[in-house]
Amino acid sequence: MSCPCETASTSCPSKRRSDSAMSPPPPAQHDKSGATLGVLKQSLVGSEWKCTRGMERDRIGMWGTGEGEALSKLSGLDRLRHPGLNKGMAFTIEERQTLGIHGLLPARVKTQDEQVQMCKLSIDRYEDPLNKYIYLMGLLDRNEHLFFRLVAENVAEMMPIVYTPTVGLACQKFGLVYRRPRGLFITIHDKGHVYDVLKNWPETDVRAIVVTDGERILGLGDLGACGMGIPIGKLALYTALAGIKPHQCLPITLDVGTNTQTMLDDPLYIGLRQRRVRGMEYDEFIDEFMDAVVRRFGQNCLIQFEDFANANAFRLLAKYRGKYCTFNDDIQGTAAVAVAGLVASLRITKKKLSENTIVFQGAGEAALGIAELCVMAMKTEGTSDEDARRRIFMVDSKGLIVKNRPEGGLNEHKEKFAQARPPVKTLAEVVDIAKPSVLIGAAAIGGAFTAAILRKMAEFNERPVIFALSNPTSKAECTAIEAYSNTDERAVFASGSPFPEYRTKSGAVLKPGQGNNSYIFPGLALGIISAGIIDITEDFMLLAAEALSEIVTDEDLAQGSLYPPLTEIQNCSVKIAKKLVEHAYKCNKASVQPQPADTEAFIRAQMYDDRYTNALPQVYAWPESSPRVDML
């Protein structure tokens, strides 16, 4: 009996894209006889055959949270070579003898505490941040538990190396720093076989994927395949800052080429040497990737989009949200952390968010994401959508976004914030006209907040709010020193990259807060995975922002910081996850059942333990009546 699809019936589930098949199925597979497997795979419902092509899943439903290793398959040498199992010189003498690795290690047995101290001494020997990055990636390749404990216990020192700003330099030099596989490179030439490439990844229990096509890396532009440093860094923070198990994380780069000529000319470039693929072929490739992820790892596998170009980022988010477990960190994560800072600033300025006028330098995915979440937050205060948008002024490369702008350059996302005003060319003019209380930079234009603009902000406001969110540091709109010194030290300042402490004329010390996405996306992912949330809507982003702002103490605010200390970031992740999980159960979006009685205890029970465990299997007694064999 032939499948209804072959008769072009429009009522076939695969033609209508069934609930299970969230995106178009990959090309039908064939068996050795040449028969199409899509035709052969059918299910009988009632008295009618219905096609199930494209609905295959490697894993369905929810599964456990174990480590996924079968001890019977491991030798002692496996443990030395596997970064997730290796303890280095922390293997005890008993473990070394039992596992057959005695003599392969020096006689000294070191504790993990001693190893952490040794690693800190080792990394301090390097002056070049790139060399520090290479050292840490080497440690990650050798000993995961030690790496994650080192980062988790020294977040303030290690995060600028693992993440921004050093990761930007690492991406630019990725051809030099690449050592061994840590993630998947899937190229446009693999189109039609993406699922086969995913099957090559040795772990099957993947819960979180960070994927990039490398077209808009930080403020550095199109780095192609060298953008892999971003997914690797992001997922390292998933584990270090939120306890998501490292074997459940998969970094992926979709290599469709690069339009950066210096990359194409670089003999060390590691990606495809071709211009970027665009249009229908690109879209089909992304569709196939999304479908392959669901088929391989399940519908509840989180797919975080990272550093896609503006035109693709918004389009793909709109296309896939509600159909896949996905969010875009550049749009939504940046928005959540910025709005968290704005909400915290209200405790200083004594205003409601809807009483502020906000000017954005930039109208890309980060700025538009923040603006949309600001509108959502203002509406919760009782402001109408129209009034909220009227309080937001956005400046792009062509000037202020206004209705019917002669220069054009408006898309559907920008038009929502178009002001009914004559065109204005420069940021300085917009500040003069709008007289904002909040100035946010997210366009990667270094120095855009000039001394004159900052002084204007101080004229208009007793406590001007200045957010210079672009990174790396060279792309920041202004430094902390510039913000404070040009506003009589009255600025409420936050940045995307870290800045040193500032000593005021009175001798007080201000510690500028870093509005880093890492305050949000690890906890967001932890909550999504813990509750099995599949549909990630904007209310979760606003809840994450509110949860983060609530953690900021009065002492933090007094020191000039709108964010908690980086040392508290793991606690932030748990608190954010808790709020999301509880909301998910309230709105019936949690697929993990039953609902845990103690949400926080449940979340912490799922988290990765960076301490070493006994390498020997547990031994326990059997009843005396059991058969025994006398040993000579």
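Since the model is a prediction, treat every value here as computed from it, not as a measurement.

Draft legend 1. Here's a closer look at helix α16 (residues 329-349). Here α16 contains 21 residues, and its C-alpha end-to-end distance of 28 Å stays within 8% of the 30 Å for a straight helix at 1.5 Å per residue. Among the 21 residues of α16, 19 are classified as buried, and the element is accordingly described as predominantly covered. Immediately beyond the C-terminal end of α16, within one or two residues, lies K350, with a positive phi of roughly 60°.

Draft legend 2. Representation of the packing of aromatic side chains. The tally for this structure, following the rule as stated, stands at 14 aromatic pairs. On the numbers, 6.0 Å between centres and 65° between planes, the contact of Y484 with F493 is edge-to-face. The pair formed by Y484 and F493 is uniform in burial state, with each residue classed as buried. Counting every residue linked through ring pairs, the aromatic cluster contains F305, F308, Y320 and Y324. The positively charged end of R125 is found above the aromatic ring belonging to Y126, 5.8 Å away from the centroid. Between the NZ or CZ atom of R295 and the centre of the ring of Y195, over which it lies, the distance is 3.9 Å.

Draft legend 3. Representation of helix α26 (residues 569-586) in the model. When the terminal C-alpha atoms of α26 are compared, their 26 Å separation across 18 residues agrees well with the 26 Å that a helix rising 1.5 Å per residue should span. Close packing links the buried residues of α26 with α8 (155-162), α12 (229-242), α23 (521-531), α24 (538-551) and α27 (599-605). Count one or two residues on from α26 and you reach N588, which has phi positive near 60°.

Draft legend 4. Molecular detail of the UniProt feature "domain: Malic enzyme NAD-binding" (unreviewed entry) in the protein. Under the UniProt annotation, "domain: Malic enzyme NAD-binding" (unreviewed entry) lies at residues 331-585. Taken end to end, residues 331-585 is 45% helix and 11% strand, and its first and last C-alpha atoms sit 25 Å apart.

Draft legend 5. Representation of the sheet that holds strand β16 (residues 513-514) in the model. Taken together, 7 strands build an open sheet; the order of strands is β10-β9-β8-β11-β12-β13-β16 and the sheet is mixed. Looking at which strands have only one partner, the edges of the open sheet turn out to be β10 (399-400) and β16. Here strand β8 (residues 358-361) runs beside strand β9 (residues 392-396); their pairing, made up of 4 bridges, is parallel. Paired with Q361 across the bridge in β9 is V395.

Draft legend 6. Layout of the environment of K379. By the element assignment, K379 lies in helix α17 (residues 365-380). Residue K379 is classed as partly exposed on the basis of its relative accessible area, which comes to 42%. With 142 residues separating them in the primary sequence, K379 and L237 have C-alpha atoms 32 Å apart. Within the structure, K379 has its side chain in polar contact with the side chain of D385 (distance 3.5 Å).

Draft legend 7. Fine view of the packing of helix α5 (residues 112-124) against helix α7 (residues 144-153). Axis separation between α5 and α7 bottoms out at 10 Å; the angle between their running directions is 70°. When the axes of α5 and α7 are compared, the pair comes out roughly perpendicular. Both α5 and α7 take part in a crossing whose hand is right-handed. On α7, the residues touching Q112, D113, Q115, V116, C119 and K120 of α5 are H145, L146, R149, L150 and E153. For the contact of α5 with α7, the class distribution of residues is 4 nonpolar, 3 polar and 4 charged.

Draft legend 8. Structural detail: the UniProt feature "domain: Malic enzyme N-terminal" (unreviewed entry) in the protein. Listed under "domain: Malic enzyme N-terminal" (unreviewed entry) in the UniProt record, and renumbered for this structure, are residues 140-321. The straight-line gap between the two end C-alpha atoms of residues 140-321 is 33 Å; of that span, 48% is helix and 11% is strand.

Draft legend 9. Seen up close, the sheet that holds strand β7 (residues 326-328). The strand order across the open sheet built from 5 strands is β3-β5-β4-β6-β7, with neighbouring strands paired in parallel fashion. At either margin of the open sheet sits one strand with a lone partner, and together these are β3 (184-187) and β7. Neighbouring strand axes in the sheet, compared pairwise and without regard to direction, differ in orientation by 25° on average. Judged from the 4 bridges that link them, β3 and strand β5 (residues 249-255) form a sheet pairing that is parallel. Within β5, the residue paired with T187 across the bridge is D255.

Draft legend 10. Up close: unusual backbone geometry. A cis geometry characterises the amide bond from T164 onward to P165, with omega recorded as 10°. Along the polypeptide, P165 turns up in the loop between α8 and α9 (166-172). With omega at 0°, the peptide bond leading from Q593 into P594 counts as cis. Of note, P594 is situated in the loop between α26 and α27. Here the phi dihedral of D307 falls at roughly 60°; this positive angle occurs in a residue that is not glycine. Mapped onto the secondary structure, D307 falls in the loop between β6 (302-305) and α15 (310-320).

Draft legend 11. Quick look at the nonpolar core. By size, the foremost hydrophobic cluster in this structure holds 166 residues, and its most contacted members are F147, I186, I209, Y238, I252, F289 and M394. Ranked by the residues each element gives to this core, the list is headed by α16, at 11 residues. Excluding anything up to four places from it in sequence, I209 contacts L250, I252, F289, V293, F297, C301, L302, I303 and Q304. Core analysis: the next-biggest nonpolar cluster, separate from the first, contains 28 residues, F393, V395, F449 and F499 among them.

Draft legend 12. Focus on the side chain of N356. When you line up the elements, N356 lands in the loop between α16 and β8. Classification of N356 by relative accessible area gives buried; the value is 3%. A distance of 2.8 Å separates polar atoms of two side chains, one belonging to N356 and the other to S437.

Draft legend 13. Geometry of the pattern of salt bridges. Under the definition given, this model contains 37 salt bridges. Residues D222 and R276 are paired through a salt bridge, measuring 2.8 Å at the closest nitrogen-oxygen approach. Of this pair, D222 sits in the loop between β4 (208-212) and α12 while R276 sits in the loop between α13 (261-265) and α14 (279-297), placing them 54 residues apart in sequence. Comparing D222 with R276 shows no difference in burial state: the two are buried. One salt-bridge network, held together by shared partners, links D213, E215, D222, R276 and R278.

Draft legend 14. Examining the packing of α7 against α12 more closely. Close contact between α7 and α12 brings their axes to 9 Å; oriented N to C, the two are set at 70°. For the element pair α7 / α12, the angle class is roughly perpendicular. Contact residues: α7 offers F147, F148, V151 and A152, while α12 offers A236, T239 and A240. When the residues that make up the contact of α7 with α12 are grouped by side-chain class, the tally is 6 nonpolar, 1 polar and no charged.

Conventions we followed
Residues numbered from 1 in each chain as written. Predicted model: local features only at pLDDT ≥ 70, side-chain atom pairs only at ≥ 80, totals over all residues. Heavy atoms only, no water. Helix = DSSP H or I, 4+ residues; strand = E, 2+ residues; numbered from the N terminus. Expected span 1.5 Å × (residues − 1). Buried < 20%, exposed > 50% of the residue type's maximum accessible area, 1.4 Å probe, protein only. Phe/Tyr/Trp six-rings, centres within 6.5 Å; stacked < 30°, edge-to-face > 60°. Lys NZ or Arg CZ within 6 Å of the ring centre and 35° of its normal. Contact = heavy atoms within 4.5 Å. UniProt positions renumbered as here; feature names shortened; annotations may be inferred. Pairing = 2+ DSSP bridges. Polar contact = N/O pair within 3.5 Å; in protein donor to acceptor, adjacent residues only side chain to side chain. Axes fitted to C-alpha atoms, helices over the stretch in contact; angles between N-to-C directions. Parallel < 35°, antiparallel > 145°, perpendicular 65-115°, else oblique. Left-handed = near helix turned anticlockwise from the far one by under 90°. Nonpolar A, V, L, I, M, F, W, Y, C, P; charged D, E, K, R; others polar. Core = buried A, V, L, I, M, F, W, Y, C linked by side-chain atoms within 4.5 Å. Salt bridge = Lys/Arg side-chain N within 4 Å of Asp/Glu carboxyl O.

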